[in-house]
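Geometric and topological summary
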Amino acid sequence: MELTAEQAHNHVPSGFTPPPTEPLNHQLLAALAQHRMATTHQLHVLLRPGRTRQTISQQLNDLLGKHLVGFVVLPQSHRSRVWYLTPKGARLTRDWPALQGRPPYPITSATAASLKTPHTLTVLRTHLAFVTDARRRGDEHGHLDWTPEVFHAIGDGEKVIADALMHYTLIEGEQRRKLRAFVEIDRTTMSSERLASKLIEYARLWTYEPQPVGRRRQTGGPGWLRWYPAFPRILFVLTGASRQTLDNRISDLKAMTAHHPLVADLGTNVPLAAAVLDDLEKHGPTHDVWTPLTGGTPRPWTQL
């Protein structure tokens, strides 16, 4: 089954700040179901940036007492807690309308949480950069407009898995422009060549036309049209190494775009870009921090 955030997005109230009419404990459970885990600080920024951190902590402790959430303590972090849903919490949220389409593999134990913490929290950290920028600008991008680990088939029994699928509504005067992006988070834990090869997988998704079993070959168009009115742009966010190392990895992404024929074709039709996470947090994603993989000067992701 191919899963996207489209179903969940259709049920999310408009606006870039969670509505206060929805109970905070429901929003906390939904956020943990969506993102799998989050620190207290991340949940504070995501859901109640204008309230005290104690507001979030009290609700989390209440959910802890009801055995709906659990936590692990981050090492070397002054006992910062990372929260996740317990099996009871996962069962409770499974059928919530706003979470329809969510991949069904939550983190429901301290052991699983500890293993997945670094990558999962970095993906959410990237989301928060977009959330904070959207609030500043008045755009719409909320806590359920970001779905981690979305996958699509690309043929031969293979699939491409995006670290996240982002929905974002850009507001320019009276104009509302809906943007989507596949987001890849690179913590420099894999080789640069393996990172760049992810572009080949997206190029295969761009051209992949699924064929019904037992029928003659038909031309129904690429499979992604089932999910998106336009192919999502592809954004690489890099962190975890020196600036020179990250720049080298961006250069390798550009080389793959230039030299691989399928990726080159993808790049003429779909915006491809890379940025450093520190730059997103310091300047915001809508500043000139994105390097187009097809060449050109840095620009905002909305102007790729």
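Look up: the structure comes first, before these words.
Residues numbered from 1 in each chain as written. Predicted model: local features only at pLDDT ≥ 70, side-chain atom pairs only at ≥ 80, totals over all residues. Heavy atoms only, no water.

Regarding the environment of tryptophan 290
The criterion, for reference: Put simply, DSSP marks the helices as runs of H or I at least four residues long and the strands as runs of E at least two long, and each gets a number from the N terminus on. Working definition: with a 1.4 Å probe on protein chains only, accessible area under 20% of the residue-type maximum means buried, over 50% means exposed, and in between means partly exposed. Between N or O atoms, a polar contact is any pair within 3.5 Å; within protein, one atom must be a potential hydrogen donor and the other a potential acceptor, and residues adjacent in sequence are included only when both atoms are from side chains.
Along the polypeptide, tryptophan 290 turns up in the loop between helix H10 (277-283) and strand E9 (291-292). Its relative accessible area of 0% is what places tryptophan 290 among the buried residues. Separated by 15 residues in the primary sequence, tryptophan 290 and alanine 275 place their C-alpha atoms 4.8 Å from one another. Looking at tryptophan 290, its side chain comes within polar contact range of the main-chain oxygen of proline 285, at 2.9 Å.

Re the layout of surface pockets
By rolling a water-sized probe across the atoms, one finds the places where empty space is left. Threshold: In this analysis, the protein atoms alone were mapped onto a 1 Å grid. Cavities are point sets where a 1.4 Å probe fits without being able to get out; pockets are open sets with protein on both sides within 12 Å along at least five of seven lines; lining residues have an atom within 4 Å of a point. Grid points are joined across faces, edges and corners, and a volume is the space filled by probe spheres set on the points. Each residue gets one of three labels, nonpolar for Ala, Val, Leu, Ile, Met, Phe, Trp, Tyr, Cys and Pro, charged for Asp, Glu, Lys and Arg, and polar for the others, Gly among them.
One number sums up the size of the largest pocket: a volume of about 450 Å³. Counting only elements with at least two residues in the lining of the largest pocket, the list comes to helix H6 (110-137), strand E6 (175-186) and helix H7 (192-207). If you tally residues by element for the lining of the largest pocket, the top one is H7, at five residues. Residues of the lining of the largest pocket, tallied by class, amount to three nonpolar, four polar and nine charged.

Here's the deal with helix H4 (residues 53-65)
Structural remark: α-helix, 3.6 residues per turn; residues separated by three or four positions point the same way. Let me state the cut-off plainly: Expected span of a helix, by definition, is 1.5 Å for each gap between consecutive residues, and there is one gap fewer than residues. Any pair of residues with heavy atoms lying within 4.5 Å of one another is described as a contacting pair.
Taking 1.5 Å per residue as the helical rise, H4 with its 13 residues ought to reach 18 Å, and the 19 Å between its terminal C-alpha atoms agrees with that figure. Packed against the buried residues of H4 are helix H2 (24-35), helix H3 (40-47), strand E2 (69-73) and strand E3 (81-85). Looking at the residues trailing H4, positive phi occurs at histidine 67, about 65°.

Let's talk about the pattern of salt bridges
Note the threshold: Salt bridges are identified by distance alone: a Lys or Arg side-chain nitrogen within 4 Å of an Asp or Glu carboxyl oxygen.
Within the structure shown, the criterion is met by twelve salt bridges. When the shortest N-O distance is used, the salt bridge between arginine 125 and aspartate 278 registers 3.2 Å. With arginine 125 in helix H6 and aspartate 278 in helix H10, this residue pair connects regions lying 153 residues apart in the sequence. For arginine 125, a relative accessible area of 28% gives the class partly exposed. By relative accessible area, which is 44% here, aspartate 278 ends up partly exposed. For arginine 136, the salt bridge goes to aspartate 133, with nearest N and O atoms at 2.6 Å. Of this pair, arginine 136 and aspartate 133 both sit in helix H6, three residues apart, roughly one helical turn. Each of the salt bridges in this network shares a partner with another, and the network as a whole consists of Arg125, Asp278 and Glu281.

Some words on empty space enclosed by the protein
If you walk through the whole model with that rule in mind, you get three cavities of 30 Å³ or more. There is about 60 Å³ of room inside the largest cavity. Lining the largest cavity, in full, are His35, Arg36, His119, Thr120, Val123, Pro148, Glu149 and Asp163. A per-element tally of the lining of the largest cavity places H6 first, with three residues. Class assignment of the residues belonging to the lining of the largest cavity gives a composition of two nonpolar, three polar and three charged.

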